[in-house]
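Structural description and commentary
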Amino acid sequence: MAKKKTAAASTELDGKEFFAAIEMIEKEKGIPQAYMIEKITQALVSAYKRDHEGITDNVTVETDRENCRVRMFVKKEVVEEVDNPCTEMSLADARAALPKAQLGDILRIEIKPKNFGRIAAQTARQVIIQGMREAERGMVFDEFSSKEHEILTGTVTRMDSRTGAVSLRINSGSEFTDAFLAAGEQVKGEVIREGDRLRVYVVEVRRSTRGPQVLISRTHPGLVKRLFELEVPEIYDGTVEIMSIAREAGSRTKLAVWSEDENVDPIGACVGPRGQRVNAIVEELRGEKVDIIKYSADPAAYVAAALAPADVVSVIPAEDAKSCRVIVPDDQLSLAIGKEGQNARLAAKLTGYKIDIRPESDPEPPAEEDEALLLEDEETEQADPAQETGEPQPLD
């Protein structure tokens, strides 16, 4: 009885399976086929070089999508005496493959990818995996870097009781990543629990060895700006412009708005019908108070408005043009200064002016107080000039 012939194990790389796998990776991971083919080509070359120490740059890989074929070749020069068998071959061996071969010719010898050793195959696999990781990280970075200075929603996945940091899973489009909300970027007194959904402001996106690092905040003044853009159509379309924001997260925010259109009330637009727009923002900020004032190119009018809800009798600019003295009614002095000086501090940050608030009954400070204030200003400017000058915080 004749023995049944068994088919010999094929040494060919299954092209159909190869391209089907590439297509599947593109569908599942969103990684372009051209990128993956390039990485796999590099992997095959790297694997072959690892098993053949004499190989230089004479190895090439050709892919044919139409015919579903992947072929690898090594180029060898035909020489009389072979010194490096990885790059050279004898005339006799060359003519065995190609009868018309001559000395000096460069022949392409096909290599069967499945003939690689175990170590070579592992090398190729690692290069492919690394290429996929790099592509995924690059796609995540590109997606989230386009969201810098925007608001994203994240789900709290973990809380660190030791440092107070919170881990969030944030999404943008089809991509997602984990970000850490540091204790210093959380609103004081805000209660956060696992599973909560939080809106966060994307401060910056950085590249790191572990992938993109998304820096987020709940205290940044930009969060308030973006919330108003989402709630107020006039701000979103540019009819109303936010000129400056001063914020002490969890407590109070002052917002200066302005419109070129005389028929548009910028404050009314931000407040909305029956206060619906501003109330929605206050609710998102967990009860943080929001003062909306009208911006003015006149420094005196601007400073007076910034001290709301206190009434102002007059504003006297100083000679240096970045400070002023504000006179208020006696019964409005504590209101103008605010609890622990908050109202005056936020007004200074909003306008960029040093503000000296005086009661109407005593508008001129004593000479010794002037000297003390001058000395204090000089010392604080040397220590931290930006804080004392009340520079507005950047919005973007």
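Residues numbered from 1 in each chain as written. Predicted model: local features only at pLDDT ≥ 70, side-chain atom pairs only at ≥ 80, totals over all residues. Heavy atoms only, no water.

**Topic: the packing of helix 9 (residues 299-306) against helix 11 (residues 342-351)**
As a reminder of what qualifies: Interaxial angle, 0 to 180 degrees, is taken between N-to-C directions of lines fitted to C-alpha atoms, where a helix line uses only the stretch in contact. The secondary structure listing takes helices from DSSP runs of H or I that are at least 4 residues long and strands from runs of E that are at least 2 residues long, numbered from the N terminus. Crossing handedness is read from the near helix: turned anticlockwise from the far helix by less than a right angle, it gives a left-handed crossing, and turned clockwise, a right-handed one. Here, two residues are considered to be in contact whenever any of their heavy atoms come within 4.5 Å of each other. Any residue that is not Ala, Val, Leu, Ile, Met, Phe, Trp, Tyr, Cys, Pro, Asp, Glu, Lys or Arg is counted as polar, Gly included; the first ten are nonpolar and the last four charged.
Contact pair helix 9 / helix 11: the axes reach a minimum separation of 9 Å and the direction vectors enclose 145 degrees. Taken as a pair, helix 9 and helix 11 cross one another with a handedness that is right-handed. In this structure, helix 9 contributes Tyr302, Val303 and Ala306 to the contact, and helix 11 contributes Ala347, Leu350 and Thr351. Taken together, the residues of the contact of helix 9 with helix 11 break down into five nonpolar, one polar and no charged.

**Some thoughts on unusual backbone geometry**
Rule in force here: Only protein chains enter the accessibility calculation, which uses a 1.4 Å probe. A residue is then buried if its area is under 20% of the maximum for its type, exposed if over 50%, and partly exposed in between.
Between Ala308 and Pro309 the backbone carries a cis peptide bond, its omega angle lying at 15 degrees. As for its placement among the helices and strands, Pro309 is situated in the loop between helix 9 and strand 13 (314-317). Despite not being glycine, His149 shows a phi value in the positive range, around 65 degrees. By the element assignment, His149 lies in the loop between helix 4 (118-145) and strand 5 (151-159). Judged by relative accessible area, His149 falls into the partly exposed class, the value being 25%. Phi is positive for Arg286, which is not a glycine, with a value near 60 degrees. Here Arg286 lies in the loop between helix 8 (276-284) and strand 12 (289-294). Arg286 gets classed as partly exposed once you look at its relative accessible area, which sits at 46%.

**Digging into the packing of aromatic side chains**
Operational definition: Note on aromatic contacts: the rings of Phe and Tyr and the six-membered ring of Trp form a pair at centre separations within 6.5 Å, being stacked when their planes are under 30 degrees apart, edge-to-face when over 60 apart, and tilted otherwise. When the NZ atom of lysine or the CZ atom of arginine is within 6 Å of a ring's centre and also within 35 degrees of its normal, the charge is said to sit over that ring.
Tallied over the entire structure, the rule returns one aromatic pair. Measuring from centroid to centroid gives 4.8 Å for Tyr295 and Tyr302, while their planes differ by 75 degrees, and the two rings are edge-to-face. The ring of Phe141 is capped by Arg207, whose NZ or CZ atom sits 3.8 Å from the centre of that ring. The ring of Tyr353 carries Lys322 above its face, with NZ or CZ at 4.6 Å from the centroid.

This is a description of form; function is not addressed.
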